[in-house]
Amino acid sequence: YSHGPMIELDCSEGLPTGPDGDLFTTAIPQLAALHQRSPHDIYEHLQGGTLILKEVCCLGTAQQLEFLRFLQWAPDGFISPQRSERHKVRIISTSTKDPLTEVRAGRVRRDLLSKLYDIPISSPPLRDRNEDIVPCAEEFLRLLALRRDQPVAMLSQAAKDLITEYSWPRNIKQLQAVLETAVSFYSADVIEADMLGEEIARFAQAGHDPVNGAGHNTIAPDLAVDNLVG
């Protein structure tokens, strides 16, 4: 699949839909010039490539039906009239919602999920695998230093403890953003706990996540901010 295009559709942004492949041709500008805009044309454009659908459970009813028809047309690839070899398209769909729950609730078509659920991979949120938080953070810092051509910033032990305890309601992208902000604001070889931003600081002071109430309370209850107010 390395020689074809990689196209990403964010289904949470309310992609348009319509007959004859408008879901794809409107969302993918490269397809707008196709004359027929049929599944064959779309597969021809994507051959050897990857189509990524982010938040696929957010597709509307009409969009799901259109996408299902697209998948049913050539689920395992197609034979191009101009070529004798078989051309395949890899489709990766992601969702922060449990697709099986969405099917049971009637929000996602069962037949669509059966087409997409060939190789399911579950990626638990950071709050459920806090042993991965520090390694992820250190890798982000390494890549950030490489991109900026500067020394790699290290995390102090207090900073490591704090990011491990925090529940990261916006998941890995929030961790990445917090670290990038810290590196941008402080020209320091070591990132300390007080450099991780206001939201993390409120967590450290209160002993719980101020956004969703989750997290490990490692601060004595009588010193928590909530108990001192008033």
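Right above here is the structure, for reference.
A. Spatial organisation of the pattern of salt bridges. The tally for this structure, following the rule as stated, stands at 10 salt bridges. One salt bridge connects Arg109 with Asp111, and the closest N-O pair in it is separated by 2.8 Å. What makes Arg109 partly exposed here is its relative accessible area of 29%. For the salt bridge of Asp132 with Arg129, the shortest nitrogen-to-oxygen distance reads 3.5 Å. According to the relative accessible area criterion, Asp132 is partly exposed, its value standing at 28%. Judged by its relative accessible area of 18%, Arg129 falls in the buried class. Each of Arg147, Arg148 and Glu180 takes part in one network of salt bridges that share partners.

B. Here's a closer look at helix α7 (residues 157-165). Along α7, the residues that are buried comprise Ala159, Leu162 and Ile163. Down the axis of α7, the smallest arc covering the buried residues is 95°, so these residues share one side. Where α7 is buried, its residues meet α6 (133-148), β6 (154-155), β7 (190-191) and α9 (198-206).

C. Highlighting a nonpolar patch on the surface. Taken together, the side chains of Val152, Met154 and Val190 make up a nonpolar region of the molecular surface, amounting to roughly 240 Å² of accessible area. Mapped onto the elements of the fold, Val190 is located in strand β7.

D. Molecular detail of the nonpolar core. Counting 24 residues, the largest nonpolar core has Leu155, Ile163, Trp168, Leu175, Leu179, Ile191 and Leu196 as its most contacted members. Put simply, the parts of the chain that give this core at least two residues each are α6, α7, α8 (171-185) and α9. By residue number, the principal contributor to this core is α6, which donates six residues. If we ignore the near neighbours within four places in the chain, the residues touching Leu196 are Ala159, Leu162, Ile163, Val178, Leu179 and Ile191. Among the nonpolar cores identified, the runner-up in size contains 20 residues, and Tyr43, Leu53, Val56 and Phe67 belong to it.

E. Region of the structure containing the state of the cysteines. In the structure shown here, the tally under the stated rule is zero disulfides. With no disulfide of its own, Cys58 lies 7.1 Å from the sulfur of Cys57, the closest cysteine sulfur. Of the residues examined, Cys58 reaches a relative accessible area of 32% and is grouped as partly exposed.

F. Molecular detail of the packing of α6 against α8. Contact geometry of α6 with α8 gives a least axis separation of 10 Å together with a crossing angle of 50°. Here α6 lies oblique to α8, going by the angle between them. Both α6 and α8 take part in a crossing whose hand is right-handed. The residues of α8 that touch α6, namely those facing Ile133, Cys136, Ala137, Phe140, Leu141, Leu144, Arg147 and Arg148, are Ile172, Leu175, Gln176, Leu179, Glu180, Val183 and Ser184.

The rules behind these values
- Residues numbered from 1 in each chain as written.
- Predicted model: local features only at pLDDT ≥ 70, side-chain atom pairs only at ≥ 80, totals over all residues.
- Heavy atoms only, no water.
- Salt bridge = Lys/Arg side-chain N within 4 Å of Asp/Glu carboxyl O.
- Buried < 20%, exposed > 50% of the residue type's maximum accessible area, 1.4 Å probe, protein only.
- Helix = DSSP H or I, 4+ residues; strand = E, 2+ residues; numbered from the N terminus.
- Arc of directions from axis to C-beta.
- Contact = heavy atoms within 4.5 Å.
- Patch = residues over 30% accessible without salt bridge, like charges linked within 9 Å, V, L, I, M, F, W, Y side chains within 5 Å.
- Areas by Shrake-Rupley, 256 points an atom, 1.4 Å probe, with all protein chains shown as cover.
- Core = buried A, V, L, I, M, F, W, Y, C linked by side-chain atoms within 4.5 Å.
- Disulfide = S-S within 2.5 Å.
- Axes fitted to C-alpha atoms, helices over the stretch in contact; angles between N-to-C directions.
- Parallel < 35°, antiparallel > 145°, perpendicular 65-115°, else oblique.
- Left-handed = near helix turned anticlockwise from the far one by under 90°.

Any functional reading would require information that these geometric values do not contain.
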